[in-house]
Amino acid sequence: MDPKLIEELKSVVGERNVLASPEDVEGYLRDETPRDVSPHPCRDVVVVRPKSTEEVSRLLKLAYTHEVPVVPRGGGTGLSGGAVPLTPSIVLSLERLKWIEVDRDNLTMTCGAGVTLGEIIQYLKSYEDIWFPLHPGDEGATIGGMVACNAGGARAVKYGVMRNYVAGMTVVLPSGEVLKLGGKLIKNVAGYDLMHLFIGSEGTLGVITEVTIRLKPRPRATYTLIIPYEDPNKAIETVPPMLRSGVTPLAIEYIEKEGIEAGEKASGEKWPVKAGEAYLMVVLEGMSRDELLNMSTAIADIAQEHEAIDVFVAEDRDQQEKILKVRSLIYEELKEKTIEILDVAVPVAAIATYVNKTREIAEKYGMKVVQYGHAGDGNVHQHPLKTGLKEEEWRERYPQLKREVFTLARELGGTITAEHGVGAVKVEDMLTHLTREEISLMRRIKRAIDPKNILNPGKVLPP
C-alpha cells in the first residue's frame, strides 16, 4: 500500500485508527465462511476505523481519487466471504460507529452502523413495551452489516427480514457523496425507492453509516414447543397446515437428529426430547398465558394429526433459552467438518421434496448432509460434511453435489441464497441462477453508482 496514501488516511481518522502491520490487520481478513470455500484474503491491505459519516465520506473520496478498492466490514459474521479483501484494498471497519437513539413515540431506533445486534438487545431491555424482533443468529453482527446483507433469521416467518424494518438510512457513495434516505415515515412514494437498492447490496454500491429501524410492541410471554417425529417427512408436512391454522408462530424450525446432537455437544445443554429422528421447534409469543395456551393447543392438534410422537411445551424462560442455545450452536460443532453452509430457500410446500431429493443426491455422491432450518419461510440450512472422505474425494464430489442441489432449488421455484448472501462464494453460481438480462441490468446499476469499481470488487456480480 502506498505510504503516501496511508499518511492521508491517518490525517482523516488519526494514527491509532489506521492499521497496516501484518499482525494488526490479520483479524480483519476473514469472516465466518468455512475455510474450505472461503476465498484466500489479500494481505496487502490497510484497515481504517472511522467514527462518523463525515470521516467515511472523506476516506471514500481519497480511495476514489487513488482508485484503491474499499471493502466495508461490519462484525465479520458473514458466511459467504463478503468481507474478505480479494485485492490490495482499504478495509473500512465500521466498528467505531456506535450510537443509539430511541424514538418511543414513533416506534423507531436510530443507530450507527457499528452497533451490534447484542448491543441493541441489551439497550432495549430498559424499555418494557418495545423491542426489535429480528434475530438473524450471531449477536456480534452489526446493524450496518445486517442491512447490507438483508439479514433474516428464524423469526422471519412472523416478522419478515431486515428490509421490512429499515425506515431510513445514511449511505456514502463511492465518490464520497452522502445520501440521507427515508426517515421515520410509514409511507413514502416520492420517486424511485433508492433506499431499498442499498439494502442487500452487500457493500458493493455504498457504505451504510446510520440506520433508522422500526420497533414493535414487546410480547408479554413466549412458549417453545418441541415436536418429535419418527418420519422427517411428516415433520415438514406439518408446516403448511400450521401456517394455515390462523396461528402465526414467531419461528418454526426443522432440525434433524444429527443437528441436535451437534448442538448438544457444542452447548453442553440437553435437548428435552430424546425420541424421534427429526423435530419441529415452534416458538409462540403472546400477550397472555391464556393466549399462548390456546395457540399451543391448536399447534399440538395439527402436529398429532401428522403423526407427531409427542408435543413438549417449554414455558420456563431458562428452559427456552437452553433449547435455543442447542439450536444456535449446531454450526459451532459442525464447523470443522463442514465444507460450506448452504442456505437455499424454496416455497414452503416444496420443503419436503427439496430435503428428500437433497438426501438422495448426497447418497449418490457418498456424502453426508446435515439439514435443518427455518421451515416456516422455506429456508433450509445444509451442512455438506467431509466426514469419512479423503480430501481429494470431497473436493471432486462436492462441486457436483452443489450444482445439483442448486438446480433442484431453481426447479422448485427457489433461490440459491436466502440470507447468507452471494458474497464471493456464490458469484459463479449467479451465472446459472439469474438470467443474462438480470445480470446485465445489475452490472449497469453498479457502473452508474460505482464507475471505478472500488466498492467491494469481486462480490455479488459475476466477472
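Below you will find a few notes about this structure. Because the structure is predicted, anything quoted here is derived from the model rather than measured.

## A word on a negative patch on the surface
Judged by side-chain charge, Glu315, Asp316, Asp318 and Glu321 come together as a negatively charged surface patch. On the secondary structure map, Glu321 appears in helix H12 (residues 317-328). On the basis of relative accessibility, which here comes to 48%, the residue Glu321 falls in the partly exposed class.

## Considerations on the packing of aromatic side chains
A complete count under the given rule lists 3 aromatic pairs for this structure. Measuring from centroid to centroid gives 5.9 Å for Phe132 and Tyr165, while their planes differ by 90°, and the two rings are edge-to-face. Here Phe132, found in the loop between strand S7 (130-131) and helix H5 (143-148), pairs with Tyr165, found in the loop between helix H6 (156-159) and strand S8 (166-172); they are 33 residues apart in sequence, far enough to count as distant. Note on Phe132: relative accessible area 5%, which makes it buried. Given the relative accessible area of 3%, Tyr165 is considered buried. With a centroid separation of 5.9 Å and 70° between ring planes, the pair formed by Trp271 and Tyr279 is classed as edge-to-face. In this structure, Trp271 and Tyr279 share a single accessibility class: buried. Directly above the ring of Tyr64 sits Lys452, whose terminal nitrogen or CZ lies 4.3 Å from the centroid.

## Re the environment of Thr248
Here Thr248 shows up in the loop between helix H9 (239-244) and strand S13 (251-256). C-alpha of Thr248 to C-alpha of Asp103: the two residues are 145 residues apart in sequence and 28 Å apart in space. When sequence neighbours within four positions are dropped, the list of residues in contact with Thr248 reads Val157 and Lys158.

## What to know about empty space enclosed by the protein
Taken as a whole and judged by the stated rule, the model has 1 cavity of 30 Å³ or more. Size it by volume and the largest cavity reaches roughly 40 Å³. Tyr254, Ile351, Val355, Tyr372, Gly373, His374, Ala375, Asn379 and Val380 are the residues that line the largest cavity. Every element with two or more residues in the lining of the largest cavity is listed here: helix H14 (351-364), strand S16 (368-374) and strand S17 (379-385). A per-class count over the lining of the largest cavity returns 6 nonpolar, 3 polar and no charged.

## Observations concerning helix H1 (residues 3-13)
Helical geometry: 3.6 residues make up each α-helical turn, so side chains three or four residues apart lie on a common side. Turning to H1, its buried residues are Leu5, Ile6, Leu9, Val12 and Val13. Axial view of H1: buried residues confined to an arc of 115°, hence all on one face. Residues of H1 that are exposed and point over 90 degrees away from its buried face: Pro3, Lys4 and Ser11. Against strand S1 (18-19), strand S2 (45-48), helix H3 (53-66) and strand S4 (89-93) lie the buried residues of H1. Where H1 begins, the capping side chain belongs to Asp2, and its oxygen is found 3.0 Å from the backbone nitrogen of Lys4. Residue Gly14 follows H1 closely and has a positive phi angle near 90°.

## Some points on the layout of surface pockets
Gaps between atoms show up when a probe of the same size as a water molecule is rolled over them. Of the pockets and cavities examined, the second largest pocket occupies roughly 690 Å³. What lines the second largest pocket is a set of 31 residues, among which Gly200, Glu202, Val422, Met442 and Val460 lie closest to the centre. Put simply, the parts of the chain that give the lining of the second largest pocket at least two residues each are helix H7 (194-198), helix H16 (430-433) and helix H17 (436-449). Per-element accounting of the lining of the second largest pocket gives the leading share, 4 residues, to H17. The class makeup of the residues in the lining of the second largest pocket is 16 nonpolar, 10 polar and 5 charged.

## Re the pattern of salt bridges
The final tally for this structure, using the stated rule, is 25 salt bridges. Across the pair Glu256 and Arg359 runs a salt bridge, and its minimum N-O distance is 2.9 Å. Here Glu256, found in strand S13, pairs with Arg359, found in helix H14; they are 103 residues apart in sequence, far enough to count as distant. Of the charged contacts, one joins Lys402 and Glu340 as a salt bridge, the two residues approaching to 3.2 Å between their closest N and O atoms. Of the two residues, Lys402 is situated in helix H15 (residues 391-411) and Glu340 in the loop between helix H13 (330-334) and H14; the sequence distance between them amounts to 62 residues.

## Notes on the sheet that holds S4
Taken in spatial order, the 4 strands line up as S1-S2-S4-S3 in an open sheet, and their pairing is mixed. Two strands lie at the open edges of the sheet, namely S1 and strand S3 (70-73), each paired on one side alone.

## Thoughts on a nonpolar patch on the surface
Together, Tyr192, Leu194 and Leu197 give the surface a local cluster of nonpolar side chains, amounting to about 350 Å² of exposed area. With respect to the helices, strands and loops of the structure, Leu194 is situated in helix H7. We classify Leu194 as partly exposed; its relative accessible area is 40%.

## Digging into the side chain of Asn379
Mapping Asn379 onto the fold places it in strand S17. Of note is the side chain of Asn379, whose polar atom sits 3.3 Å from the backbone oxygen of Asp343. Setting aside chain neighbours within four positions, we find Asn379 in contact with Asp343, Val344, Ala345, Gly373, His374, Ala418 and Glu419.

Rules used in this analysis
- Residues numbered from 1 in each chain as written.
- Predicted model: local features only at pLDDT ≥ 70, side-chain atom pairs only at ≥ 80, totals over all residues.
- Heavy atoms only, no water.
- Patch = residues over 30% accessible without salt bridge, like charges linked within 9 Å, V, L, I, M, F, W, Y side chains within 5 Å.
- Areas by Shrake-Rupley, 256 points an atom, 1.4 Å probe, with all protein chains shown as cover.
- Salt bridge = Lys/Arg side-chain N within 4 Å of Asp/Glu carboxyl O.
- Lys, Arg positive; Asp, Glu negative; His and termini not counted.
- Charge placed at Lys NZ, Arg CZ, Asp CG, Glu CD.
- Helix = DSSP H or I, 4+ residues; strand = E, 2+ residues; numbered from the N terminus.
- Buried < 20%, exposed > 50% of the residue type's maximum accessible area, 1.4 Å probe, protein only.
- Phe/Tyr/Trp six-rings, centres within 6.5 Å; stacked < 30°, edge-to-face > 60°.
- Lys NZ or Arg CZ within 6 Å of the ring centre and 35° of its normal.
- Contact = heavy atoms within 4.5 Å.
- 1 Å grid on protein atoms, 1.4 Å probe; cavity = no way out; pocket = protein on both sides within 12 Å on 5 of 7 lines; lining within 4 Å.
- Points joined across faces, edges and corners; volume = space filled by probe spheres on them.
- Nonpolar A, V, L, I, M, F, W, Y, C, P; charged D, E, K, R; others polar.
- Arc of directions from axis to C-beta.
- Polar contact = N/O pair within 3.5 Å; in protein donor to acceptor, adjacent residues only side chain to side chain.
- Pairing = 2+ DSSP bridges.

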